Amino acid sequence: MALCQHHVREHARQTAAEQQRWSEARQWTARLERVANIKGARVVAIEPWIHPDPDRPGKERQTGYTVDVELPLGGASWENLAVHTARLAADLRLPHGCGLEVRPGVDQGRALVDVTTLNVLDGDIPLVEPETLPATINDPLTVGLYSNRSLVRLPLRWTSAVLVGAKRQGKSNLLKTVTRQALRCNDVLVMGIDPNGGAVFKPFLRPWLEGRTRRPAIDWVATTAEEAELMLTWLIGAVERRRAGYSDYMWQKGGDDKLAVSHEIPQILLLTDESKSLPRSVKTRLVELNDRCGAASISMLTSWLRAVAQGMEGLPTDLLAQSETRLSVRMNTHSELQRLFGQATTRVTPAPAPGWGHAVATAGQRPMLYKASRSQDADAYQDAVTCDEWRPAMDEITLGDGEVRRVYEERWQRALAHGWLGVPSLPGTAASSSPAARPATPPEPTRPRRSSEKRRQAAIEVRNRLRRVSGRPPLDENGHEIDDVDQRFSEIVAGLAPEGTLPLLLTAALAVFDEEDTDQVHRQVLAERLTGGDKDRLTALFRAIGIAPLPTPFRMPGRGTGRGYSRQAVEAAAAEIREGHRRVPDEVADWSPPL
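Quick caveat: nothing in here was measured; it's all calculated off a predicted structure. (Residues numbered from 1 in each chain as written. Predicted model: local features only at pLDDT ≥ 70, side-chain atom pairs only at ≥ 80, totals over all residues. Heavy atoms only, no water.)

**Observations concerning the nonpolar core**
Operational definition: Working definition of a nonpolar core: buried Ala, Val, Leu, Ile, Met, Phe, Trp, Tyr and Cys residues. They are joined through side-chain atoms within 4.5 Å. Three labels apply to residues, based on accessible area from a 1.4 Å probe with only protein chains included: buried if under 20% of the type maximum, exposed if over 50%, partly exposed otherwise in between. A run of H or I in DSSP counts as a helix once it spans at least four residues, and a run of E counts as a strand once it spans at least two, with each numbered from the N terminus. We call two residues contacting when some pair of their heavy atoms lies within 4.5 Å.
Ranked by size, the top nonpolar core spans 45 residues in total, and within it Val178, Trp412 and Leu421 carry the most contacts. The element that contributes the greatest number of residues to this core is helix α4 (residues 171-183), accounting for 5 residues. Setting aside anything within four residues of it in sequence, one finds Trp412 in contact with Leu205, Trp208, Pro216, Ile218, Asp219, Trp220, Val221, Trp420, Leu421 and Leu426. Formed by 42 residues, the second largest nonpolar core is a distinct cluster that contains Leu232, Val287, Leu289 and Phe341.

This is the structure in structure tokens:
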């Protein structure tokens, strides 16, 4: 008797569910005619989205549903329906934070309507942990949730990615989330470029700087244009070193032309924040690396303020074309979305708040609304400690030899000299006098003065170091065969002359004005080029030859507002020295370009 009653109740439940589906189907048929003026459409199926309820362990909840629509004959397509997404959402009286998306069905006469009825993206999204640790970069990195509660998974093994969005909308948070997931892999090394003083990556470095980890969680960080160009040049060379050095290894792996990665041969993932502020030369290097890096197991994720490549301020066309994985956070205009994702964004739900955006893992797919997992500095710190035990080291073939190896091995000494690490010495070393920590007082006058020939040779040696990193032959003692790699130093060497003429410091300073193509340059920029980032030393050197800073701050294109110097003041000091009206102090005469 009890069994019979159970069957009766189950039959009644199924009948009620079937009647509910038919009722919803009829409602949708009427809605399509009422809102979109599409008559004769047929609802094939309505599939609910059932997911675990995080607030009630062991329970499930419905977060939305998908309507499979067969469109009437006569040429109607899913695009005709997609233009009415906002009106359909209003007709459904969907709550704020919920949306409606239309995408292609199984054929060109079918459409799928995804309806979100529960705002699963409300509040912070926790990081989704990999099933096993350590993970591998061969699997996509999970960085957030789509509005239908499916996972946002970025494939960064063979493809590079771009991220675009307005200021303070969540780009840095997403980069931290990508970094946290990459650190969970034991076959990838993360490098970073961040002109904003390394702010994105510094929380990951803090445990190493405090002596709590064996190695820095981020393998290399560039905070200046010069260091970024040095890093990118090194990575472009690494592509060739890996191709040549691992050719036999790849043949043994079945003749694959792509390098397999492991703990011993790690993937290199380059993350770049604030790309807009980088100079043209660095952006050109980014494009070059992106064009060549895939087969060598080097991938990139670069973030940009704009998707429009206007005056090199936005996303370069060549970089966008070669990046299959594309993401956005909230943008200021819909045209930016169209530029990033193409015509597939004709009708998409706008990102409602910071941290929200659109993502597509493969070129040609339609972007979907998502929200990135929240990553705070404390999370970055803890992950750097937790993941230290399986972090790989750079392989010997990629390291290279000679100057190439030295550039890599001294990367943290250069960071210490620039001062952005915020510590007096690197872990395991005693505090030393770095360029950023040198006193601003001039050197002792009893120090022997170097001749012009020695200063000229020192400048040529600096140029040769850059040429060796790029795989080019060194210059001879006369500085011949100058090309674009050493263009930054060509003016310096050309300006050298016998004892008593214009000092090397002024020639180099004028070269900075020429390179920046402006008559006013910030003190920070000049210090980075001339004194290794030591602004006090630059001020003392300029003061010694009568060069005073401008009385008020000014704006440099692409660099914001700051104090600095004018070309007129530098040229006036140079003229006084040439005419013999001003003596050159020893500390100025002995200046040489920072190594």
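**Some thoughts on the packing of aromatic side chains**
Basically, it comes down to this: Side-chain rings of Phe, Tyr and Trp, where Trp is taken by its six-membered ring, are said to pair if the distance between their centres is within 6.5 Å; with planes under 30 degrees apart they count as stacked, over 60 as edge-to-face, and otherwise as tilted. Two conditions define a charge sitting above a ring: the NZ of Lys or the CZ of Arg must be within 6 Å of the ring centre, and it must be within 35 degrees of the ring normal.
Under the counting rule described, the total for this entry stands at 6 aromatic pairs. Here Trp208 and Trp412 contribute two aromatic rings whose centre-to-centre distance is 5.2 Å and whose plane-to-plane angle is 55°, an arrangement assigned as tilted. Of the two residues, Trp208 is situated in helix α5 (residues 202-209) and Trp412 in helix α14 (residues 411-418); the sequence distance between them amounts to 204 residues. Across this residue pair, the class does not change: Trp208 and Trp412 are buried. Ring centres of Trp220 and Trp234 lie 5.7 Å apart, and the angle between their planes is 70°; this geometry places the pair in the edge-to-face category. Placement of the pair is Trp220 in strand β9 (residues 220-222) and Trp234 in helix α6 (residues 225-245), with a sequence separation of 14 residues. For the residue pair Trp220 and Trp234, the accessibility class agrees, reading buried in each case. Put simply, the rings of Trp220, Trp234 and Tyr408 touch in pairs and so form one group of aromatic residues. The aromatic ring of Trp158 is capped on one face by Arg157, whose charged end is 3.7 Å from the ring centroid. The cationic tip of Arg241 hangs over the ring face of Trp234; the distance from NZ or CZ to the ring centre is 4.9 Å.

**So, unusual backbone geometry**
At the junction of Leu133 and Pro134, the peptide bond is cis and its omega measures out at -5° in the coordinates. Relative to the helices and strands, Pro134 is located in the loop between β4 (110-116) and β5 (141-146).

**So, the confidence of the model for the chain**
Quick reminder of the rule: Scored from 0 to 100, pLDDT records how confident the predictor is in each individual residue.
Counting all residues, the mean pLDDT for the chain is 80, and 79% of those residues have values of 70 or more. This stretch, residues 430-452, has a pLDDT under 50; its non-local contacts, to residues over four places away or in other chains, come to 38 contacts. Across residues 482-500 the pLDDT falls below 50, and counting only partners more than four positions away or on other chains, this stretch makes 41 contacts in the model.

**Re the pattern of salt bridges**
We apply this condition: Only one rule defines a salt bridge in this text: a Lys or Arg side-chain nitrogen within 4 Å of an Asp or Glu carboxyl oxygen.
Going through the model one piece at a time under the given rule, you end up with 29 salt bridges. Put simply, Asp383 and Arg184 hold a salt bridge, and the shortest N to O gap is 3.0 Å. Here Asp383 is found in helix α11 (residues 377-386), whereas its partner Arg184 is found in the loop between α4 and β8 (188-193), with 199 residues between them in sequence. Grouping residues by exposure puts Asp383 and Arg184 together as buried. A salt bridge links Arg411 to Asp219; its shortest N-O distance comes to 3.6 Å.

**Here we look at the sheet that holds β4**
Whether parallel or antiparallel, the strands of a sheet pair through hydrogen bonds between backbone atoms. So the rule is basically this: One requirement defines pairing of two strands: DSSP has to find at least two bridges between them. Fitted lines through C-alpha atoms give the axes, limited to the stretch in contact for helices. The angle between two N-to-C directions lies from 0 to 180 degrees.
Spatially, 4 strands are ordered β1-β2-β4-β3 in an open sheet, and the strand pairing comes out antiparallel. Each end of this open sheet is capped by a strand with a single partner; those strands are β1 (42-52) and β3 (100-104). Within the sheet, the average angular offset between the axes of one strand and its neighbour, ignoring direction, is 20°. Pairing between β1 and strand β2 (residues 60-70): 10 bridges, direction antiparallel. Looking at β2, one finds that Trp49 is bridged to Gly64.

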